[in-house]
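A look at the structure
Below are the chains, spelled out letter by letter.
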Amino acid sequence: MSEPTTDDAADRDHTPDHTETDGFAELGLRPELLAALTRLGYEEPTPIQRETIPLLLQGRDLVGQAATGTGKTAAFALPILQRLEQTGGRPEPIALILVPTRELAVQVSEAMYKYGRDLGARVLPIYGGQPIGRQLQALSGGVHVVVATPGRALDHIARKTLPLDKIEMVVLDEADEMLDMGFAEDIEAILDATPKTRQTVLFSATIPPRIHAISKRHLRDPLKIQIGLGSSSLAHTPRIRQVAYVVQRAHKAAALGRILDVETPAAAIVFCRTRDEVDQLTETMNGRGYRAEALHGGMSQEQRDRVMSRVRSGTAELLMATDVAARGLDIDSLTHVVNYDVPSAPEAYVHRIGRVGRAGREGVAITLAEPREQRLLSNIERLTKRKIAIEKVPTVADLRAKQIETTIATLRDALQSDDLQKYAAVIDALADEFGIDQLALAAVKLVHAAGGATVDEREIPDASQRIERERAPRAETKYSGDKPDRSRSASGGSRSGAGGKDGGGRLYIGVGRKDGVRPQDLVGAIANETNLTGREIGPIKIAEHFSIVGVPDDSVEEVVSLLRSAKFKGKKTTVRRYVEN
Ligand code: ADP
Ligand code: MG
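Let me sum up the structure you'll find in this document. Along every chain, residues carry numbers that run from 1 in the direction the sequence is written. Written order determines the labels here, with chains lettered from A and ligands numbered from 1. Residues qualify for local features only when their pLDDT is at least 70, as the model is predicted, and side-chain atom pairs are given and counted only at 80 or more; totals for whole chains, interfaces and linings, by contrast, use all residues. Side-chain calculation: all heavy atoms of the structure are included, whereas hydrogens and water are not.

With respect to the site of ligand 1
Lining the immediate environment of ligand 1, one finds 15 residues, of which Y42, E44, G69, T73 and D330 sit closest. Y42 places a side-chain nitrogen or oxygen 2.3 Å from an oxygen atom of ligand 1. Q49 is positioned such that a nitrogen or oxygen atom in its side chain is 2.8 Å from a nitrogen atom of ligand 1. All accessible-area figures derive from a Shrake-Rupley calculation using a 1.4 Å probe, and residue coverage is judged against the displayed protein chains alone. Protein chains bury 84% of the 570 Å² of accessible surface belonging to ligand 1 in isolation. Three residue categories are used. Nonpolar comprises Ala, Val, Leu, Ile, Met, Phe, Trp, Tyr, Cys and Pro, charged comprises Asp, Glu, Lys and Arg, and polar comprises the others, including Gly. Broken down by class, the residue content of the shell around ligand 1 amounts to four nonpolar, seven polar and four charged. Whether a residue is near a molecule or strand is decided by its heavy atoms; if any one of them lies within 4 Å of it, the residue is near. We call two N or O atoms a polar contact when they sit within 3.5 Å, provided that within protein one can donate a hydrogen and the other can accept it, with sequence-adjacent residues counted only if both atoms are side-chain atoms.

As for the pairing of strand β17 (residues 547-552)
The rule is simple: take the accessible area with a 1.4 Å probe, protein chains only, and divide by the maximum for that residue type; under 20% is buried, over 50% is exposed, in between is partly exposed. A run of H or I in DSSP becomes a helix once it reaches four residues, and a run of E becomes a strand once it reaches two; helices and strands are each numbered from the N terminus. Of all six residues that make up β17, six are buried, and the element is covered over most of its length. The sheet contact formed by strand β15 (residues 504-509) and β17 spans six bridges and is antiparallel. Of the residues in β17, the one forming a bridge with Y508 is I548. Strands are treated as partners if at least two bridges between them are detected by DSSP. Pairing of strand β16 (residues 540-542) with β17 involves three bridges; the strand directions are antiparallel. Looking at β17, one finds that K541 is bridged to I548.

Remarks on the packing of helix α20 (residues 424-434) against helix α21 (residues 436-450)
With axes taken as lines fitted to C-alpha atoms, and helix axes fitted only over the stretch in contact, angles between N-to-C directions fall between 0 and 180 degrees. Axis separation between α20 and α21 bottoms out at 7 Å; the angle between their running directions is 120°. Relative to α21, the element α20 lies oblique. From α20, I427, L430, A431 and F434 reach across to α21, where they touch I436, Q438 and L439. Here the angle decides the label: under 35 degrees means roughly parallel, over 145 means roughly antiparallel, 65 to 115 means roughly perpendicular, and every other value means oblique. Here a residue-residue contact requires only that any non-hydrogen atoms of the pair lie within 4.5 Å.

Some details on the packing of aromatic side chains
Think of it this way: a Phe, Tyr or Trp ring, Trp meaning its six-membered ring, pairs with another when their centres are within 6.5 Å, and the plane angle makes it stacked under 30 degrees, edge-to-face over 60, tilted otherwise. With the rule as written, the count across this model stands at four aromatic pairs. Here the aromatic rings of F24 and Y42 are separated by 6.5 Å at their centres, their planes lie at 35°, and the arrangement is tilted. Of this pair, F24 sits in helix α2 (residues 23-26) while Y42 is found in the loop between α3 (31-40) and α4 (47-57), placing the two residues 18 residues apart along the sequence. Residue F24 is classed as buried on the basis of its relative accessible area of 1%. By relative accessible area, which is 34% here, Y42 ends up partly exposed. Consider the rings of F76 and F203, whose centres lie 5.7 Å apart with planes at 45°: the pair is tilted.

Considering a negative patch on the surface
A contiguous patch of negative charge, built from D276, D279, E283, D554 and E558, is present on the exposed surface. The leading source of residues in the negative patch is helix α14 (residues 275-287), at three residues. Mapping D279 onto the fold places it in helix α14. Residues enter a patch when their relative accessible area is above 30% and they make no salt bridge; the linking distance is 9 Å between like charges and 5 Å between nonpolar side chains (Val, Leu, Ile, Met, Phe, Trp, Tyr). What counts as a salt bridge is simple: a side-chain nitrogen of Lys or Arg found within 4 Å of a carboxyl oxygen of Asp or Glu. A positive count includes Lys and Arg, and a negative count includes Asp and Glu. His and the chain ends are not counted in either. By convention, the point assigned to a charge is CZ for Arg, NZ for Lys, CD for Glu and CG for Asp.

A word on the side chain of T101
By the secondary structure assignment, T101 is in the loop between β2 (95-98) and α6 (102-115). Those residues in contact with T101 that lie beyond four places of it in its chain are T149, M181 and V324.

Considerations on the sheet that holds β17
Strand order in the open sheet formed by four strands is β16-β17-β15-β20, with antiparallel pairing between adjacent strands. Each edge of the sheet is formed by a strand with only one pairing partner; in this case those strands are β16 and β20 (575-577). Across the sheet, the mean angle from the axis of one strand to that of its neighbour is 25°, orientation sign disregarded. Across the sheet, helix α24 (residues 519-529) touches β15, β16 and β17, and the angle it forms with β16 is around 125°.

Regarding a nonpolar patch on the surface
Together, L415, L420, Y423 and V426 make up a nonpolar patch on the protein surface, roughly 400 Å² of accessible area in all. Tracing the backbone shows L420 in the loop between α19 (396-416) and α20.

Let's talk about the sheet that holds strand β5 (residues 169-172)
Spatially, β3-β4-β2-β5-β6-β1-β7 is the arrangement adopted by the seven strands of the open sheet, whose pairing is parallel. The sheet is open, and its two borders are formed by β3 (123-126) and β7 (223-226), each paired with just one other strand. Pairwise comparison of adjacent strand axes, ignoring direction, gives a mean angle of 15° for this sheet. Here β2 pairs with strand β4 (residues 145-148) via four bridges, running parallel. The partner of L96 across the bridge, within β4, is V146.

As structure tokens, then:
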């Protein structure tokens, strides 16, 4: 793999006058696409678009890596649309885009449809859980581009309802996530079924070794385009204000409410670790007067669609979600991203908060950390080379002050309006009896209450003090020291073959080879029910009658309780902590 030269890009950056040169036109895109981009308000290509679009237009295979929110969709969508020809008659797909989730299939299709409107592009999302009849009908009507989840794509390929003969381009979007979800085999099978002459493109936020393996097998002389995390995403989004609050687990829900009351986000996404947490927190926040919606893998497709449209239309102001459910989602109006827990992988943090501060807008990233999670914050700071300010949970007095501030701003606005005279009769009616001052106070009271000011008298204990002390000198604490009972077996060789993901915990699951269970079934079921990523799951041993699966030690109890009603290969079964002896 070779790195691209950056000469061209550098030249373009030196172009003195923006209005004279159109960044996208210089990439060689056709006029219909340029018109669409203008209509959408895209002024300049993002770094990943600038680097990859020209190469893709030349037909090169490539592996592109850039953080969430950097415009990877357009980077592959525009070159696909460039190839579109109006042939008359029923079109056969010229491009197949594979994505990890149904939401992304819909989102990518919508984006492509918008970019390709003037070209009459027919783009079809297909995914599991949607009636196959409707998909068959749409496919037989003819489409230019199919955006599919791997499982469903493979179903259609097997039924011969997804014609592949004309496929010129295959894109693997969010490739890392697809592999984590256990789609590797499906992806390989799909690639094997498409024409060898195709162009193959792989986009991913991270490039784990397994991606190299796929790239080596299925891509032709690929170029690797990497837009560094530090240099291009966060570093270029100084508009994201990053803060963290340290609170004990028991006070987190209250702290979240208080923080949001003070922050007053227009729209926020709150990331939680588990479905249960999503559901509980949604209830809590609705109880506090927020319009909150839940999004997780346990919901039906219709439910999810309804939630997303309520969020997109501004009907809901808080979206509570698990990582997997919200992966790659792009919501225009977001002002705040909240991590209800510190994500254990710093990359996950970067991907989550990449959802705000886009296109020069301001954004806020809020993280709630439990005392023991402070270490993870330092890891994130190291990766992003950006400081996360630890702030005190707002006190009752802080909240009141904020509410007064809001009321003052509201009144200030009203004082600027030119129709105030309309209300003079009210003053006339009451001024003599109560005096102007009293009258004004009563009016202010009503404005204040109408602003939805929460009355919340409880102080929420802040735990940041203690943590700040722990943070500095204890940096050298040994991992195994925390878990004396596991360190022996870990050093005794059970880590072998585990890669880096052996978190020390083991699950016993009562299905095995006799049930036809495969590693990807276990990873899929666990990732679906919990908020663990595929990377955190493993090693996996499948015996005749049962399986042993590694998960992070501190998540074992939670995972066991979440999996209680889960089905593996259609069967309910025992799941418990596994202890070797
Ligand atoms: P990624 O796939 O890298 O996470 P997306 O493709 O979802 O990112 O794009 C994120 C957001 O940025 C979308 O709302 C998209 O419309 C917007 N966007 C993409 N390219 C540009 C651009 N060149 N100028 C302005 N906005 C853009
Ligand atoms: Mg994307």
